[in-house]
Amino acid sequence: MALAIAIIFGTVVVFMIATATTIAVGGIKKSSSDADWNAALSAAYAGVEDYEARLSNDTGYTQYGNPAAPFSSTSPGLTLPSGGSANDAFGTGASGSWASVPGGDGRSRYRYEVDSSKYYDTGVVRVRATGKVGSAVRSVVASIRQQGFIDFLYFTDYEIQDPVLTNVDTTTCVKHAWEGRPTSTRSNLCGEIAFDGGDTIDGPAHSNDTMRICQATFTKPITTSNPTTTGLRYSKVNSTGASCGGQVFPAGVSQPAFTSTIGMPSTNAQQKAATQYNTGTATTRQPGCLYTGPTDITFNADGTMTVRSPRTIKTQTDATDPTQGRTPAACGAVGTGPGQLGSASGATVAVPANNLVYVQNVPLSGDANATFTTTLRDTCNVDNGVGYPRSGETQLSSSPCSYGSRSGDAFVHGVLDGQVTVAAENYLYVTGDLTYLDRGSDMLGLTATNAVMVWNPIAQTCSRTSCSTSSMLGDRDREIDAAIISAAHTFQVQNNAYGGDRGTLTIYGAIAQKFRGVVRSGVNGYRKAYSYDARLKHTAPPSFLNPVTTTYGVTTIGEVSPAYSVSGDCAKKAGVCV
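We now turn to the structure provided with this report. (Residues numbered from 1 in each chain as written. Predicted model: local features only at pLDDT ≥ 70, side-chain atom pairs only at ≥ 80, totals over all residues. Heavy atoms only, no water.)

Moving on: the overall build of the protein. Of regular secondary structure, the protein possesses 4 helices and 34 strands. Each of the three principal axes of the protein carries a C-alpha extent, and together these read 135 × 60 × 45 Å. Each of the 578 residues in the protein was classed as buried or not, and the buried ones make up 50%. Of the contacts made within the protein by residues no fewer than 6 positions apart, 66% connect residues no fewer than 24 positions apart. Put simply, the protein shows about 24600 Å² of open surface, and 54% of that area lies on carbon and sulfur atoms. (Helix = DSSP H or I, 4+ residues; strand = E, 2+ residues; numbered from the N terminus. Buried < 20%, exposed > 50% of the residue type's maximum accessible area, 1.4 Å probe, protein only. Contact = heavy atoms within 4.5 Å. Areas by Shrake-Rupley, 256 points an atom, 1.4 Å probe, with all protein chains shown as cover.)

Following the sequence through the fold, Gln161 ends up in strand 5 (residues 154-161). Residues Gln161 and Pro400, 239 residues apart in the sequence, show an inter-C-alpha distance of 16 Å. Leaving out residues up to four positions away in the same chain, Gln161 has contacts with Thr166, Cys190, Gly191, Ile193, Phe515, Arg516 and Val518.

Its place among the elements puts Tyr112 in strand 2 (residues 109-115). Sequence separation between Tyr112 and Cys401 is 289 residues; the distance between their C-alpha atoms is 52 Å. Apart from residues no more than four positions distant in its own chain, Tyr112 is found in contact with Gly47, Asp50, Tyr51, Arg54, Asn87, Ala89, Phe90, Val127, Arg128 and Ala129. A polar atom in the side chain of Tyr112 sits 2.6 Å from the side chain of Asp50. Here the side chain of Tyr112 touches Asn87 through a polar contact of 2.7 Å, side chain to side chain. (Polar contact = N/O pair within 3.5 Å; in protein donor to acceptor, adjacent residues only side chain to side chain.)

Counting 69 residues, the largest nonpolar core has Phe299, Leu428, Leu444, Leu446, Ile480, Phe491 and Tyr530 as the members making the most contacts within it. For this core, the leading source of residues is strand 28 (residues 478-493), giving 8 residues. In terms of nonpolar packing, the next biggest core, distinct from the first, is built from 21 residues, Ala99, Tyr110, Val127 and Tyr552 among them. (Core = buried A, V, L, I, M, F, W, Y, C linked by side-chain atoms within 4.5 Å.)

This brings us to the sheet that holds strand 17 (residues 316-318). Two modes of strand pairing occur in sheets, parallel and antiparallel, and in both the strands are linked by backbone hydrogen bonds. The 3 strands are arranged 13-17-18 in an open sheet whose pairing can be described as mixed. Looking at which strands have only one partner, the edges of the open sheet turn out to be strand 13 (276-277) and strand 18 (325-326). (Pairing = 2+ DSSP bridges.)

Pairing geometry for strand 26 (residues 458-462) and strand 27 (residues 467-471), over 5 bridges, is antiparallel. Within strand 27, the position partnered with Ile458 by the bridge is Ser471. Between strand 26 and strand 27, which pair antiparallel and follow one another directly, the connecting turn spans 4 residues.

What follows is about the pattern of salt bridges. Evaluated as defined, the whole model comprises 23 salt bridges. Asp367 is the partner of Lys272 in a salt bridge, and the nearest nitrogen-oxygen pair spans 3.4 Å. Here Asp367 lies in the loop between strand 20 (355-360) and strand 21 (410-416) and Lys272 lies in the loop between strand 12 (257-258) and strand 13, a separation of 95 residues in the sequence. A salt bridge links Arg527 to Asp501; its shortest N-O distance comes to 3.2 Å. Of this pair, Arg527 sits in strand 31 (residues 524-532) while Asp501 sits in strand 29 (residues 501-516); the two residues are 26 residues apart in sequence, bridging distant segments of the chain. On the basis of relative accessible area, Arg527 is assigned to the partly exposed category, the value being 39%. Assessed through its relative accessible area of 30%, Asp501 is described here as partly exposed. Ionic contacts of the salt-bridge type, sharing partners, join the residues Arg181, Glu192, Asp209 and Arg212 into one network. (Salt bridge = Lys/Arg side-chain N within 4 Å of Asp/Glu carboxyl O.)

Further remarks concern unusual backbone geometry. In most cases, non-glycine residues show a negative phi, while peptide bonds are predominantly trans. Pro389 follows Tyr388 through a cis peptide bond whose omega is -5 degrees. Among the secondary structure elements, Pro389 is positioned in the loop between strand 20 and strand 21. If you check the backbone angles, Asn381 has positive phi at about 60 degrees while not being a glycine. With respect to the element layout, Asn381 can be found in the loop between strand 20 and strand 21. For Asn381, a relative accessible area of 22% puts it in the partly exposed group. Positive phi is not limited to glycine here, since Asn495 has a value of about 50 degrees.

What follows deals with the state of the cysteines. The tally for this structure, following the rule as stated, stands at 6 disulfides. Between the sulfur atoms of Cys173 and its disulfide mate Cys190 the distance is 2.0 Å. With the S-S bond torsion at -75 degrees, the cross-link from Cys173 to Cys190 turns out left-handed. You can see Cys173 sitting in helix 4 (residues 170-173) and its partner Cys190 sitting in the loop between helix 4 and strand 6 (194-195), a full 17 residues away along the chain. Each member of the pair, Cys173 as well as Cys190, is classed as buried. (Disulfide = S-S within 2.5 Å.)

Below, the structure written as structure tokens:
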């Protein structure tokens, strides 16, 4: 009996040990599996970070990718970097390569695929990165966008007025405050402008310069490239140099934070390439529309635009031979007949979908739209062919040649139904309200090499002893829904010191400018009501203007079904790689 009891207890103990061993071993396997599972996701994130870093080092890296990768099938023109620039992360399929996570034990690997099909439309590159550790495979998809001007509601390079309009010494004044610009509070020699007078900036703001901030409210983060490490990074003085208070910053913020300088391009000339064909690059993207000389554009709420551009000869040019061009119906018929670009009523066409309209100066030679001076008189402020200046209009504080007959000036207003960018080689005038039909889906970019002006025509009447001025516009208030950039000059109200109180200027979008522009001067001009279009944090208007130097950032990221198996074969759905 004693022997039987011992055998029974011995058997129970053996079973308990075996069970414990099984559980322990199973736990070890599960722990290892969990660790690999988590590490695979980290490896996928490492792939996104690697691609983002490569973009920041080389803004042309969007051209690279593996055209054989399933996720890249809609991105024609992708090529694999070679030689010393070869990238193992572009591998695909069972025989394709994987990149190792730096600093890892060699088990953590990743590869990624690139979708750049919408890059020229929205500025966004999508990346699907897959991480592999042991038998665990996980994938994420990230949207990466260049960080720049339109990350801010208000962006300025220099906190002074445009020297072209104020005639100050450019050698002395066109430098940032910490670079030695005169900042005398008495003379304000260089024409610095303060945030003052109850201004409300309802969105992120940045200046490469030192801001003057008085009675102004900033509701979102505010940054400056002023490198000082002690004291204030802004000046508590107004535009006349008098000390002031009333500054309001977001909760917990006492002054602008430091961030690196964001360089502005000197022109928007690179945007013209979006209107050229025969580029030699494999792409399904259609060219936009090129117009020459003064061009008036009215956006219509039915998704069309009415264009008057009498100097235009060709509406698209050959990228390899600019003396050759064509006139697709989508950009409007050339000529002066009814419904054509040169007629009094203009041509009405569909808004170019996710594309660009570029208005260039009339070339003298070497271009399909060239017209010699002998056949087209070069005049200023005398009928430019599209109705400017108005009869009786007086030029007071605008440029010496506000309305040149050969200038690439765009005159824009209306209700936009679509996504498009309008770029002017010279000036861009907003001649009336410019709004979205649907703020959720419509998007507009406005860029100019020279100033972007809120049109404010003035009539002046003089007697022997004095002169009086009045606005020629019968309305009040103005609204502009757009991302706005003046590459080399400013955004401001035309004739801002004349015409009396014009009401409120409402901006929904973003403003970027090289120099600060005047919107209100004394009792003249507009009060500001600016708010940020938050969509600009994630996307940009089509073929928009990019900074000279910048970084790239992830705007959205999320996990998706694994794109590859452990063997490297692509995941399939209904027999097709996904």
